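The primary structure of each chain is shown beneath.
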Amino acid sequence: MKNVRPKADVAIVGLGWCGSLIAEELTRAGLNVVAIERGPWFETATDFPPSVDTDELRWDTRRGMLLPPAVETSTFRNNSNQKALPTRDWNLNEMGYNVGGSGTHWAGMAWRFTPFDLEPYTQTVKRYGEKQITDGLILQDWGVTYDELEPFYDRFEKIAGVSGKAGRLNGETIPDGNPFEGNRSSEYPLPPLEGMRLTDIFRDATKAMGYHPFMVPAGQASRAYVNPLGVRMGPCTYCGYCLYYGCGNFSKSSPNACVIPALMQRENFTVLTESAVVRVNKAADGKTATGVTYIDRNNQEWEQPADIVVLSAFQMQNVRLLLLSKIGQPYNPITKTGVVGRAYSFQTVSGANLFFEDENLNQFIGAGALSQQIDDFNGDNFDHSELGFIGGAGILVVARGARPIGNADLLPPGTPRWGKDWKKAYTHAFQNATFIFGQGTSYSHEDYYLDLDPEYTDDYGLPLLRVTFDYNENDRRSAKFIEEKSVAIGKAMGAKTVVGTNSASGHYSPYNLASDHTIGGAVMGTDPKTSVLNRYQQSWDMHNLFVLGASSFPNNAGYNPTGTIGALSLWTAKAIIEQYLKNPGPLVKV
Amino acid sequence: MKKIKIIGSLAVIAAAVAAVLLWRNGDASADEVADNQIQMKQPLSQRDAAAVARGKYIAIAGDCVACHTAPGSKQPFSGGYAISTPFGDIFASNITPDAETGIGNWTERDFYRAVRHGKGKEGENLYPAMPYNAYVKVSDKDMHDLWMYMRSVKPVRSKVPETQLPFPYNIRLAMMGWNLLFFDNSGFTPDPSQSDAWNRGAYLVQGLEHCAACHTAKNLLGGDTRAYLQGSNLGDWHAPDITSDPHTGIGQWSEEQIVQYLKLGSNHVAVASGPMAEAVTNSTQHLSDDDLQAIASYLKSLPGGDKQPPQPLAASHPQMKSGENIYSVNCTACHNSNGKGIANLAAGLANNPGLQADDATSIITTILQGGRGAVTQGNPTSGAMPSFAWKLSDQQVAAVATYIRNAWGNAATPVSADEVAKQRAKLKLPEQMPER
């Protein structure tokens, strides 16, 4: 017998930032929304109380909050001539596995992308000509501009309670802010976090070098805060347990702290937890979605019919669900046609490890996004004419707390890996070892893509997603450039030993956790031949299917993706409420 | 011993009552204004919509749903909630218009008699777990609206277990004696010397909101003592003093701060938790601002007890010293080292009157079991606190509770490890996790 739930107006797959933000908008507009989340419910006070949450072994080393590879993983290879094998251990594809999704365990860097990042093709060709684009690079505009997205960035920052300092406000440049950012219509809702010794040294050194340092916008509330949904946040205590942890102080911007409390008050909202969606169901003519099929915690298969389906799972899971549901044409790397799985990329990371002689970094406190950064070499903020690449990186330091287990290898070259000398070096390193992180742009390439693995399957017998990826020439050039800049800054900061780091100097591996910002595979754009979604993140193939998240990004910026994910979700929500509901159909005609 | 005393006093009461007194006390003639023909199950018409809407507000103010719905049930008013009393569990009845298992066959008059005089349909006495001693103040007009609303409620077929108290409390007739002693059978009389707002507040506090049910201390037989709204022990909780006493009551709060507490479930210092969180979520948050203002104005006018606050314990007191240590490790992340907490999220402890009563039960329960702030439309966050039972020993809980009650200018009696041990056993919480 088939289990069928009552029909909903909207079925949402995955209740992280995207799912909760769009659910908030759509329930407020009166729609009956059912969200289906693969992971369990998490309770801020009882699952993450500050008195027990500071457990690095549980949450960080053992990734207590992530989707275990034993439940779902992906297979991986560097190029299409290799055989892909499953990644069986924790790796950089970090999928949320709870109500709140990755928004519960993220570090909290709450960025906007620059105007260039959303129109990289047009602006590159305009400034440098086609010759600047390396062979096989996929470079295309998103179909939405920064100016269009600005009000939604603004709304996201207010919901999330972001702490920061504007650099470009209503056309004016503001001292101590980021002078390279896109123009803002209002100041951040909260002032920046307090600086630390590390951020001070970086600020002073980069300023002296003529760069423009600023405090990174942080998803940690610098003050007690009430957001536009009436939800309250407590001031951050700088405990240093953000990345991989939940926040029991109601201080970290997360769906759990910022959106879900309001959502749970609404009678037209339902969340089904521990329920994994396995496919989107299609109408007989294949032109619309009729709902989704999911498997509940008792291994029972259910159907959730709905008028609108929103995929808002992790980037890779969104792509996999499209492939499993046979929606859109899968990318073919030989003919270079098809769109689903095309334009996948990661994040190019390089930088430097710094070892001081006699510093007091005081790493017993910190916060996930307590950072100083320069954007002088990010996006298209500098002249690339003779450089042979586009993009760059945000170059930053982060006072994130000590991670006594995780940092045990961050020691000067030549230090023994065990014994008395290791202990001595590690004790010294607590106050003296840190790193510069160049969080780079990444542009996808026609040789790299996502598809379904022909051999390996998950618990339900469904094919795993296969990743075919390596760094392309543009990535390698930009990474090297950023590494050199980082080493120079490290020296200017007064570190005794500076060791350049460059994840793109070798082959890509999912076990090198340079970053966990994977993107693309179901990208938005202006042309159905090169994108899965139109500018409203609406499927070109099925007008009542919307796909939210970093899977929509055709390229990655030198920033964390969350702010843009949030802004795009709110942008799509508005399009659904103001345009789609009145006249259901494609919002962009081709 | 205690039991014999109770039985003895019951016997004396029964023997001593004069028939006239009894008759007066049991007089429900005030309910004869109500119709005695139409039964609850009969359908309403469009014309009744306004009365139903007004009645819904009365039902919310009376918080009927809190007791008359089983925990977790999605069928409001279908009964089944076991109200625990020192005399045994009393099951709240199904008050939906279902003819068989609810009160569908009742007339408006039957309904009035139950709500205002504690009489069942057949004239039997209800247990005063049903706060008819408060609802007797409800006006005829509000009763009629409430009746109309209850008629509009969806009938639910759900048989509620019969209340079976042990002897002698199973003798419902004995409630006549109880009523005689503790039931003031008189409606609400406005005080002409006070403002309309004060009178409205008094009407709500004494009647529909039945605040005294929790906030007035009870005697051995469960009747109200004279210490009106000066705080009472509810077993796992201490319902605090809500008079204008400046030390343990709300004397230092402005009317706006009282209104905010009842509307949002929290204010500058306090966060409603335990049974009060339910009262705010189900009832007070939905009251109009005028009604909340009226309640605040009335409560502020109530004199406190005549007890003088104790001297705070010296910082050198051994419990204060270890308490400060435990506090700084476990509590400061939310409640702050200055005890000020986070307004409307994590309770302030400094100058929080609810923490300074002689009775420390709420603090002990909260530390041991954790707590959850009220969820309201205006403040959906529901700040919450985890259980510390596994982490702290009885001595440690006692020390930190004592510290909280005597730091930052607070002053209250110390808490003993013995009290904590008893409360831990009562809450069936585990012992402190052994150190390895």
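It should be emphasised that the depicted structure is a prediction, and the values quoted were computed from it without experimental measurement.

Trainee: Help me get a handle on the overall build of chain A, residues and values and all.
Mentor: The helix and strand inventory of chain A stands at 15 helices and 26 strands. On C-alpha atoms alone, chain A measures out to a radius of gyration of 23 Å, which is about the 25 Å that the 2.2 N^0.38 rule sets for 590 residues. Projected onto its principal axes, the C-alpha coordinates of chain A cover approximately 70 × 55 × 50 Å. Across chain A, every contact between residues at least 6 apart in sequence was considered, and the portion connecting residues at least 24 apart equals 75%. With an accessible surface of roughly 21,200 Å², chain A has 50% of that area assigned to carbon and sulfur atoms. Once the 53 positive and 63 negative side-chain charges of chain A are each reduced to a mean point, those two points are 1 Å apart.

Trainee: How would you sum up the environment of Thr290 of chain A? Please name residues and give values.
Mentor: All names here are of chain A. Relative to the elements of secondary structure, Thr290 occurs in strand β13 (residues 289-295). Overall, the relative accessible area of 29% leaves Thr290 in the partly exposed class. Once the C-alpha coordinates of Thr290 and Gly240 are considered, the two residues, 50 residues apart in sequence, prove to be 45 Å apart. If we skip the residues at most four places from it in the chain, Thr290 touches Asn281, Lys282, Ala283, Gln304, Pro305 and Ala306.

Trainee: An account of the sheet that holds strand β23 (residues 497-502) of chain A is requested, with residue identities and associated values reported.
Mentor: Residue and element names in this part refer to chain A. Taken together, the 6 strands give an open sheet; going across it, the order is β8-β17-β18-β19-β16-β23, and neighbouring strands pair in antiparallel fashion. Here the strands that pair on one side only, and so sit at the sheet edges, are β8 (214-215) and β23. Packed on one face of the sheet, helix α9 (residues 197-208) meets β17 (371-374), β18 (393-398) and β19 (433-440) and runs near 20 degrees to β17.

Trainee: Tell me about the nonpolar core, residues and numbers included.
Mentor: Most often, soluble globular proteins have nonpolar side chains that are buried together. Core analysis: the largest hydrophobic core is formed by 148 residues, its most contacted members being Leu311, Leu322 and Met493 of chain A. Take this core: its biggest share by element is 9 residues, from helix α15 (residues 562-580) of chain A. Those residues in contact with Leu322 of chain A, other than ones at most four positions away along the chain, are Leu311, Ile327, Val340, Ala522, Val532, Leu545 and Val547 of chain A. Tyr127, Leu204, Val205 and Tyr261 of chain B belong to the second-largest nonpolar core, a separate cluster that totals 66 residues.

Trainee: Kindly report on the packing of helix α1 (residues 17-28) of chain A against helix α8 (residues 146-160) of chain A, identifying the contributing residues and their values.
Mentor: In a pair of packed helices, the angle between the axes and the distance between the axes together describe the arrangement. Residue and element names in this part refer to chain A. Contact geometry for α1 and α8: axes closest at 13 Å, N-to-C directions at 100 degrees. With respect to their mutual orientation, α1 and α8 come out roughly perpendicular. Of the residues in α8, those in contact with Trp17, Leu21, Glu24, Glu25 and Arg28 of α1 are Arg155, Phe156, Ile159 and Ala160. Classifying every residue of the contact of α1 with α8 by side-chain character gives 5 nonpolar, no polar and 4 charged.

Trainee: Explain the pairing of strand β2 (residues 8-13) of chain A residue by residue, including any values.
Mentor: Along any regular strand the residues' side chains alternate between the sheet's two faces. All names here are of chain A. Burial analysis of β2 places 5 of its 6 residues in the buried class, which makes it a mostly covered element. Bridging between β2 and strand β14 (residues 301-311) involves 5 bridges; their strand directions are parallel. Pairing of Val10 across the sheet is with Ile308, part of β14. Relative to strand β3 (residues 33-36), β2 runs parallel, the two being bridged by 4 bridges. Counterpart to Ile12 in the pairing with β3 is Ala35.

Trainee: Outline unusual backbone geometry, listing residues and values.
Mentor: All names here are of chain B. Between Phe167 and the following residue, Pro168, the backbone shows a cis peptide bond with an omega angle of 5 degrees. With respect to the element layout, Pro168 can be found in the loop between α7 (140-152) and α8 (174-182). The phi angle at Asn351 is positive, at roughly 55 degrees, despite the residue not being glycine.

Trainee: Which residues make up helix α9 (residues 196-208) of chain B, and what values go with them?
Mentor: Residue and element names in this part refer to chain B. Over its 13 residues, α9 runs 17 Å from end to end, which matches the ideal 18 Å to within 8%, given 1.5 Å per residue. Trp198, Asn199, Gly201, Ala202, Tyr203, Leu204, Val205, Gly207 and Leu208 are the residues of α9 that are buried. The inward-facing, buried residues of α9 contact α3 (49-62), α6 (132-135), α7 and α13 (289-301). Two residues or fewer past α9, His210 is found with a positive phi of approximately 35 degrees.

Trainee: Explain the interface of chain B and chain A residue by residue, including any values.
Mentor: In this complex, chain B contributes 24 residues to the contact, which on the side of chain A involves 21 residues. At the junction of chain B with chain A, the criterion picks out 1 salt bridge. Here Arg372 of chain B and Glu43 of chain A are joined by a salt bridge, their closest N and O atoms 2.9 Å apart. Looking at the side of chain B that touches chain A, the elements with two or more residues in it are α15 (332-335) and β6 (384-385) of chain B. When grouped by side-chain class, the residues that make up the side of chain B that touches chain A number 13 nonpolar, 9 polar and 2 charged.

Trainee: Tell me about the packing of aromatic side chains, and name the residues and values.
Mentor: All names here are of chain A. In total, this model carries 41 aromatic pairs over all chains according to the counting rule given. Note on Trp17 and Phe156: the rings are 5.0 Å apart at their centroids and 70 degrees apart in plane angle, and the pair reads as edge-to-face. Here Trp17, found in helix α1, pairs with Phe156, found in helix α8; they are 139 residues apart in sequence, far enough to count as distant. Neither Trp17 nor Phe156 differs from the other in exposure class; each is buried. Relative to Tyr508, the ring of Phe469 lies with its centre 4.9 Å away and its plane at 90 degrees, an arrangement referred to as edge-to-face. Remark: Tyr508 occurs in the loop between β23 and β24 (519-520) and Phe469 occurs in the loop between β22 (463-468) and α14 (473-492); sequence separation between them is 39 residues. Each member of the pair Phe469 and Tyr508 is classed as buried. In this structure an aromatic cluster arises from ring pairing among Phe76, Tyr344, Phe346, Tyr448, Phe469, Tyr471 and Tyr508. Directly above the aromatic system of Tyr188 lies the positively charged group of Arg184, at a separation of 3.7 Å from the ring centroid.

Trainee: I'd like a description of the environment of Pro413 of chain A, backed by residues and values.
Mentor: Residue and element names in this part refer to chain A. Structurally, Pro413 is set in the loop between β18 and α13 (419-432). Each C-alpha atom of the pair Pro413 and Asp470 lies 27 Å from the other, and the pair is 57 residues apart in sequence. When residues no more than four places from it in sequence are discounted, the contact partners of Pro413 are Phe355, Thr497 and Val499.

Trainee: Lay out the packing of helix α5 (residues 108-117) of chain B against α7 of chain B with the relevant residues and their values.
Mentor: All names here are of chain B. Relative orientation of the contacting elements α5 and α7 amounts to 115 degrees, with a least axis distance of 10 Å. Pair α5 / α7 crosses with right-handed handedness. Residues Glu108, Phe111, Tyr112, Val115 and Arg116 of α5 lie in contact with α7, whose contacting residues are Asp140, Met143, His144, Leu146, Trp147 and Met150. For the contact of α5 with α7, the residue count by class is 7 nonpolar, 1 polar and 3 charged.

Trainee: Account for the side chain of Ser275 of chain A, with residues named and values stated.
Mentor: Positionally, Ser275 of chain A belongs in the loop between β11 (269-272) and β12 (276-282). If we ignore the near neighbours within four places in the chain, the residues touching Ser275 of chain A are Ile36, Glu37, Arg38, Tyr294, Ile295 and Asp296 of chain A.

Trainee: Give me the lowdown on the pattern of salt bridges, citing residues and values where you can.
Mentor: Think of it this way: side chains of opposite charge can pair up when their charged atoms draw near. Using the criterion set out here, one finds 48 salt bridges over all chains in the structure. Linking Asp60 of chain A and Arg403 of chain A is a salt bridge whose minimum nitrogen-to-oxygen distance equals 3.0 Å. Here Arg403 of chain A lies in the loop between β18 and α13 and Asp60 of chain A lies in helix α4 (residues 56-61), a separation of 343 residues in the sequence. On the accessibility criterion, Arg403 of chain A (33% relative accessible area) is partly exposed. Between Lys137 of chain B and Asp184 of chain B there is a salt bridge, with the nearest N and O atoms lying 3.6 Å from each other. One end of the pair, Lys137 of chain B, is in the loop between α6 and α7; the other, Asp184 of chain B, is in the loop between α8 and α9, with 47 residues separating them in the sequence.

Trainee: Lay out the sheet that holds strand β4 (residues 74-77) of chain A in plain terms, naming residues and giving numbers.
Mentor: Residues and elements named next belong to chain A. As summarised here, the arrangement of the 4 strands in space is β5-β4-β22-β21, forming an open sheet in which the pairing is mixed. At either end of the open sheet lies a strand with only one pairing partner, and these are β5 (85-86) and β21 (449-457). In terms of strand pairing, β4 meets β22 through 4 bridges, oriented parallel. Within the sheet, the bridge partner assigned to Arg77 lies in β22 and is Thr468. Helix α12 (residues 315-324) rests against β4, β21 and β22 of the sheet, and its axis sits at about 120 degrees to β22.

Trainee: Run through the pairing of β13 of chain A, naming residues and quoting values.
Mentor: All names here are of chain A. Of all 7 residues in β13, 6 are buried; the element is thus mostly enclosed. Both β12 and β13 contribute to a ladder of 6 bridges, which runs antiparallel. Pairing of Val280 across the sheet is with Val292, part of β13. Taken together, β12 and the strand that follows it, β13, pair antiparallel across an intervening segment of 6 residues, in which Gly286 is found at a positive phi of about 70 degrees.

Parameters at a glance
Residues numbered from 1 in each chain as written. Chains lettered and ligands numbered in written order. Predicted model: local features only at pLDDT ≥ 70, side-chain atom pairs only at ≥ 80, totals over all residues. Heavy atoms only, no water. Helix = DSSP H or I, 4+ residues; strand = E, 2+ residues; numbered from the N terminus. Rg over C-alpha atoms; globule rule 2.2 N^0.38 Å. Contact = heavy atoms within 4.5 Å. Areas by Shrake-Rupley, 256 points an atom, 1.4 Å probe, with all protein chains shown as cover. Lys, Arg positive; Asp, Glu negative; His and termini not counted. Charge placed at Lys NZ, Arg CZ, Asp CG, Glu CD. Buried < 20%, exposed > 50% of the residue type's maximum accessible area, 1.4 Å probe, protein only. Pairing = 2+ DSSP bridges. Axes fitted to C-alpha atoms, helices over the stretch in contact; angles between N-to-C directions. Core = buried A, V, L, I, M, F, W, Y, C linked by side-chain atoms within 4.5 Å. Parallel < 35°, antiparallel > 145°, perpendicular 65-115°, else oblique. Nonpolar A, V, L, I, M, F, W, Y, C, P; charged D, E, K, R; others polar. Expected span 1.5 Å × (residues − 1). Salt bridge = Lys/Arg side-chain N within 4 Å of Asp/Glu carboxyl O. Phe/Tyr/Trp six-rings, centres within 6.5 Å; stacked < 30°, edge-to-face > 60°. Lys NZ or Arg CZ within 6 Å of the ring centre and 35° of its normal. Left-handed = near helix turned anticlockwise from the far one by under 90°.

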